[in-house]
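The lines below spell out each chain.
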Amino acid sequence: MERLRDAQLFRGIDSDFLDEMIAEASLRHFSQNEIISFPLNGERGIYILLEGKVRFVSHRENGTEIEFDTFHTGELFGARIALGEMSPSSPNFYVADEDSQAAFFPIKLLERSMAREPRLSLNFSRIVARRMIKIDRRLSRTEDNYAQLLEVVSRVYKETDLLHPNFERTKFYRRSEKEIKALAQSGESLLLWGESGVFKTQFGRKIFHLSEHFRSVYLIVNFYREENLYLGGRKEPLTPMQVLFGWEEAGRRKAGMLELGRGGTIFLLGVERLDPETQIRLWRHIQDQQSPDRAGFEPGEHGPRIIFASRHSPKDLEGQSRLIPELAAYFEKRSFHIPPLRERKTDIPDHAQFYLEKYCRKLEKGSASISDRTLKMLLDHNWPGNDAELAETIKRGLVLAQGPLLEAEDIFLDFRKVKTRGRVDILRFDAIFKLFRSPWFPSVLQAAVIPLFLALVAALIFGPSIPDSNLGAVFSWALGWPMLVIGSFFWARFWCTICPMGSLAEGLKLLINKEPQRALPQVLRRYSGWIIMGVALLVMWAEMTFQMRYIPARLGWLLVGMTCFSLFFACFFERQGWCAYFCGLGGIIGLFSRLSPIEMRADKNVCAARCADHPCYTGTAARKGCPLFLLSPSVDSNFSCRLCGTCVKNCPHRSLNINLRLPGGEIWETRGKTDLSFFTFAMLGALACELLGWEGAKSVSETHTVGMTLLFVFYVSGFLLALILLSSLGRLADGDTLRGHLARYGQAHLPIVFMAFLSYHLYYLLTLWAPLMDLAGTQLGLDQLQLLQWQAHPDTIRFLMALILWCGFFWTLLLLRNVAKQKKGFLRTFSLHSLAALGITLFFLAALDFHFFHIFHL
Ligand code: SF4
Ligand code: SF4
Ligand code: SF4
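Predicted model only: the values in this text are computed from it and were never measured.

As a further point, take the side chain of Asn638. Turning to its location among the elements, Asn638 is positioned in the loop between helix 27 (615–618) and helix 28 (646–650). Relative accessible area serves as the criterion here: at 2%, Asn638 is assigned to the buried category. In terms of polar contacts, Asn638 uses its side chain to reach the side chain of Arg601, at 3.3 Å.

As a further point, take the pairing of strand 9 (residues 190–193). In terms of strand pairing, strand 9 meets strand 14 (residues 305–310) through four bridges, oriented parallel. Each bridged residue has a counterpart across the sheet, and for Leu192 the counterpart in strand 14 is Ala309. In this sheet, strand 15 (residues 335–337) lies alongside strand 9 in parallel orientation, the contact comprising three bridges. Directly across from Trp193, in strand 15, lies its bridge partner His337.

Locating His381 in the fold gives a position in the loop between helix 15 (372–380) and helix 16 (386–400). The exposure class assigned to His381 is buried, which follows from its relative accessible area of 9%. In terms of polar contacts, His381 uses its side chain to reach the side chain of Glu389, at 3.2 Å.

Before going further, it helps to examine the packing of aromatic side chains. Under the criterion given, the structure shown has 50 aromatic pairs. Judged by centre distance (5.9 Å) and plane angle (55 degrees), the ring pair of Phe71 and Tyr94 falls under tilted. Here Phe71, found in strand 5 (residues 65–71), pairs with Tyr94, found in strand 7 (residues 92–96); they are 23 residues apart in sequence, far enough to count as distant. Ring geometry for Phe568 versus Phe569: centroids 5.5 Å apart, planes at 90 degrees, classification edge-to-face. Residue classification places Phe568 among the partly exposed positions, given a relative accessible area of 41%. Put simply, the rings of Phe489, Phe490, Trp491, Phe592, Phe754, Phe757 and Trp811 pair up and form one aromatic cluster. Over the ring of Phe853 we find Arg798; its NZ or CZ atom is 4.8 Å from the centre of that ring.

Let us look at the site of ligand 3. If you check the shell around ligand 3, you find Met600, Cys626, Cys641, Arg642, Leu643, Cys644, Gly645, Thr646 and Cys647 and nothing else. Partitioned by chemical class, the residues of the shell around ligand 3 number six nonpolar, two polar and one charged.

This paragraph deals with the packing of helix 30 (residues 674–700) against helix 33 (residues 750–780). Two elements in contact, helix 30 and helix 33, have axes separated by 9 Å at closest approach and are oriented at 30 degrees. Here helix 33 runs roughly parallel to helix 30, going by the angle between their axes. Viewed along their axes, helix 30 and helix 33 form a crossing whose handedness is left-handed. Mapping the contact onto sequence places Thr680, Met683, Leu684, Leu687, Glu690 and Leu691 in helix 30 and Leu750, Val753, Ala756, Phe757 and Tyr760 in helix 33.

Strand order in this open sheet of five strands is 10-13-14-9-15, and the pairing throughout is parallel. A strand with exactly one partner marks an edge of an open sheet, and here the two such strands are strand 10 (218–222) and strand 15. The sheet shows a mean angle of 20 degrees between the axes of neighbouring strands, direction not considered. Pairing analysis gives five bridges linking strand 10 to strand 13 (residues 265–269), with the strands arranged parallel. Note that in strand 13 the partner of Val221 across the bridge is Leu268. Strand contacts of helix 6 (residues 171–186): strand 9, strand 14 and strand 15, with the helix running at about 165 degrees to strand 15, the strand carrying the most contacts.

Attention shifts here to the environment of Gly672. Tracing the backbone through its elements, the reader meets Gly672 in the loop between helix 29 (665–669) and helix 30. Gly672 gets classed as partly exposed once you look at its relative accessible area, which sits at 26%. Put simply, Gly672 and Ala743 are 71 residues apart on the chain and 4.5 Å apart in space, counted from C-alpha to C-alpha. Non-local contacts of Gly672, meaning those with residues more than four positions away in its chain, are made with Ala743, Arg744 and Gln747.

On to the sheet that holds strand 8 (residues 100–106), then. Two orientations exist for strands paired in a sheet by backbone hydrogen bonds: parallel and antiparallel. Across the sheet, four strands lie side by side as 1-8-3-6; this open sheet has antiparallel pairing. Here the strands that pair on one side only, and so sit at the sheet edges, are strand 1 (26–30) and strand 6 (76–77). Note: strand 3 (residues 45–51) against strand 6, two bridges, orientation antiparallel. Within the sheet, the bridge partner assigned to Tyr47 lies in strand 6 and is Phe77.

About the criteria used
- Residues numbered from 1 in each chain as written.
- Chains lettered and ligands numbered in written order.
- Predicted model: local features only at pLDDT ≥ 70, side-chain atom pairs only at ≥ 80, totals over all residues.
- Heavy atoms only, no water.
- Helix = DSSP H or I, 4+ residues; strand = E, 2+ residues; numbered from the N terminus.
- Buried < 20%, exposed > 50% of the residue type's maximum accessible area, 1.4 Å probe, protein only.
- Polar contact = N/O pair within 3.5 Å; in protein donor to acceptor, adjacent residues only side chain to side chain.
- Pairing = 2+ DSSP bridges.
- Phe/Tyr/Trp six-rings, centres within 6.5 Å; stacked < 30°, edge-to-face > 60°.
- Lys NZ or Arg CZ within 6 Å of the ring centre and 35° of its normal.
- Near = heavy atom within 4 Å.
- Nonpolar A, V, L, I, M, F, W, Y, C, P; charged D, E, K, R; others polar.
- Axes fitted to C-alpha atoms, helices over the stretch in contact; angles between N-to-C directions.
- Parallel < 35°, antiparallel > 145°, perpendicular 65-115°, else oblique.
- Left-handed = near helix turned anticlockwise from the far one by under 90°.
- Contact = heavy atoms within 4.5 Å.

Laid out in structure tokens, this is it:
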């Protein structure tokens with residue numbers, strides 16, 4: 001079976017994809033002179049010869065046998081059986097010329113694979129078309145019907161053409177039916193024009209079906225695709241003139257499309273891509289269509305009718321000198337315009353329903369329906385990719401949908417917008433790509449972190465109750481939390497990939513050897529940002545109220561509690577529900593990682609063009625899909641993606657990139673998110689409470705818990721109200737809605753929040769470093785660690801903290817500028833938010849100073 005990799009059919013096919021196909025193929029042996037027909041179960045399919053020789057022969061009524069073709073090792077045969085061109089009683093058959101061996105690919109496998117890998121259908125069409133032409137020469141000698149043979153070629157296209165929209169049911173088609181029929185029956189060449197994705201190909205086929213040429217050959221030649229110039233597996237491209245009118249090779253004449261399509265119809269996409277000389281020759285062909293003598297065909301035969309197709313109107317093309325005036329004048333009366341989907345929105349509900357039913361069948365999903373909110377979303381969208389985009393969107397939605405209702409959360413629009421500016425993909429380096437594909441990644445790292453985590457929790461709970469003597473506590477504040485904040489910048493949310501709470505949950509699933517199938521409620525996806533923000537605030541509130549900084553055991557129990565939640569969700573629900581929809585710690589890291597210079601993104605064009613079943617989400621036989629319920633091409637923010645690399649392993653099309661980018665670029669490149677804007681300001685409130693609350697709590701209430709809770713609510717709601725107030729003023733300047741303005745600008749203040757947290761944790765890192773080394777040295781018996789003790793001067797710490805905050809301020813200004821540029825009223829909105837950012841910076845400069853240098857009097 002290994003020899004299959006060299007077969008012509010699989011040229012340019014991804015090896016992982018090929019492995020999957022080969023696994024489903026079966027081996028067949030034929031002894032010399034054995035007739036090869038349908039397998040015993042009547043299953044249709046194609047063969048690829050692995051050993052021996054096979055002939056294709058025909059028995060004539062007069063008892064003669066004509067040999068049409070011979071197949072050698074590595075060649076495909078049986079296409080006629082696969083395409084249903086040969087019944088078991090056919091006088092034509094394949095016969096083994098010697099003892100032979102072949103791999104059999106059932107037609108269902110072939111169709112499925114072609115749907116996923118267009119290159120395969122292209123190879124298949126080429127091979128079959130070449131064979132047909134070869135057979136044609138022999139048949140011509142036997143005076144068989146040439147056109148009948150060529151129809152097989154057109155059927156190849158039909159078989160591989162996988163989109164059959166229900167455009168006949170649409171309002172637009174019904175309105176234009178008469179015009180289409182008249183054009184079809186006129187028999188004249190004509191032009192179909194409309195934007196990419198309006199299914200010009202389907203309209204062309206419909207015109208062919210309604211014409212008198214129906215049942216004769218229908219050939220498609222697409223000059224928008226360069227591979228059409230490489231007929232016959234050539235290394236050098238042909239010119240469009242050669243493709244259409246034929247060429248000489250090794251002293252022999254090769255037939256062009258016009259000759260192959262005589263008596264039938266040619267669908268020619270991209271007329272404007274043809275040079276003027278070829279256009280003139282086509283124009284002459286149109287003129288000669290009714291005069292066979294002048295066209296150079298045999299008397300009684302007609303040159304083919306040509307249905308031209310273009311993305312532009314004839315007028316535009318002529319204006320840009322991309323169409324000769326003769327053709328432009330001809331098309332003026334013989335053209336049909338297919339408007340873009342945004343101009344025939346009344347078709348959307350019908351179309352959407354049709355695709356829903358079609359893909360439900362294909363994906364074996366039973367029945368499904370579209371919610372009102374989803375339909376409204378579909379109607380509101382502009383559909384730059386037209387009907388093709390709608391079909392793809394519905395299919396993708398169905399892959400994601402967890403129930404029988406297609407919700408707005410399952411729909412991802414603007415799928416093809418790929419941001420590549422200012423990005424460098426590091427997965428293009430083989431070593432990094434191999435690392436992410438390795439089965440050991442990230443399991444080895446996860447296995448290494450778990451014992452450390454368990455030791456940390458044990459030290460917190462069972463170690464000394466005085467925080468300064470508890471190694472777990474000192475480690476957490478000196479290194480643990482600072483590293484989480486710093487790490488969220490340098491490696492985004494990668495911490496979650498090795499986080500022991502998540503790893504233990506994955507380990508538990510392996511241990512019970514069962515992946516629970518119970519789905520979490522759909523509504524969680526819609527509100528996950530809010531829920532995560534709530535849990536994050538709860539954790540911070542608990543940390544302050546229960547004084548976890550000073551009582552190590554409580555911090556230990558908090559970690560145990562979070563681990564239990566993670567294990568509970570792993571046991572009862574599919575994937576990692578806790579991490580995807582609840583974990584506040586992961587949420588804070590995710591929020592900060594939006595500023596990271598690293599991101600994992602899919603190439604949406606590859607996904608849209610080549611992917612049928614989205615294994616990054618659905619998983620493969622060897623591996624489950626994304627643990628966080630993400631469809632890779634829909635990921636446009638670091639907030640949710642934890643860079644675990646599962647999708648890199650699962651993707652058969654090498655669509656995933658790990659990009660280096662401008663830090664914070666995603667804030668102005670992606671749509672604003674209301675929940676994340678509130679999350680940003682809520683974090684400011686929580687930090688303000690941490691810095692100022694300890695003193696204030698005593699004055700608010702005698703009980704620390706009550707006082708701290710009241711202050712926590714006060715600070716968090718104060719900052720949230722400030723955001724609302726700021727946005728209400730800002731929207732007056734840019735004319736946006738309150739929600740829109742808040743969503744865009746709230747998140748632009750993220751750098752100052754991140755830097756305030758960094759500044760806060762830097763203090764602990766620098767002041768607790770020496771005690772940490774001392775404690776670790778004495779308690780672990782590693783005296784060498786004591787040599788690493790180092791103490792920064794308080795003035796240095798103070799200076800560094802202020803420097804970090806000011807860097808955050810200027811970074812925020814940069815983000816605000818890029819966000820403000822996208823709307824009107826730039827100067828006013830930018831000034832307003834810059835003032836707010838300055839206010840926040842000054843506030844935290846004072847608060848940090850007050851907390852660390854006045855309360856604690858270093
Ligand atoms: S989301 Fe929370 S529990 Fe899950 S991996 Fe990240 S930090 Fe750990
Ligand atoms: S990332 Fe890969 S597997 Fe996922 S949709 Fe894109 S091409 Fe398909
Ligand atoms: S999108 Fe890919 S890298 Fe991100 S969490 Fe999902 S599987 Fe992991």
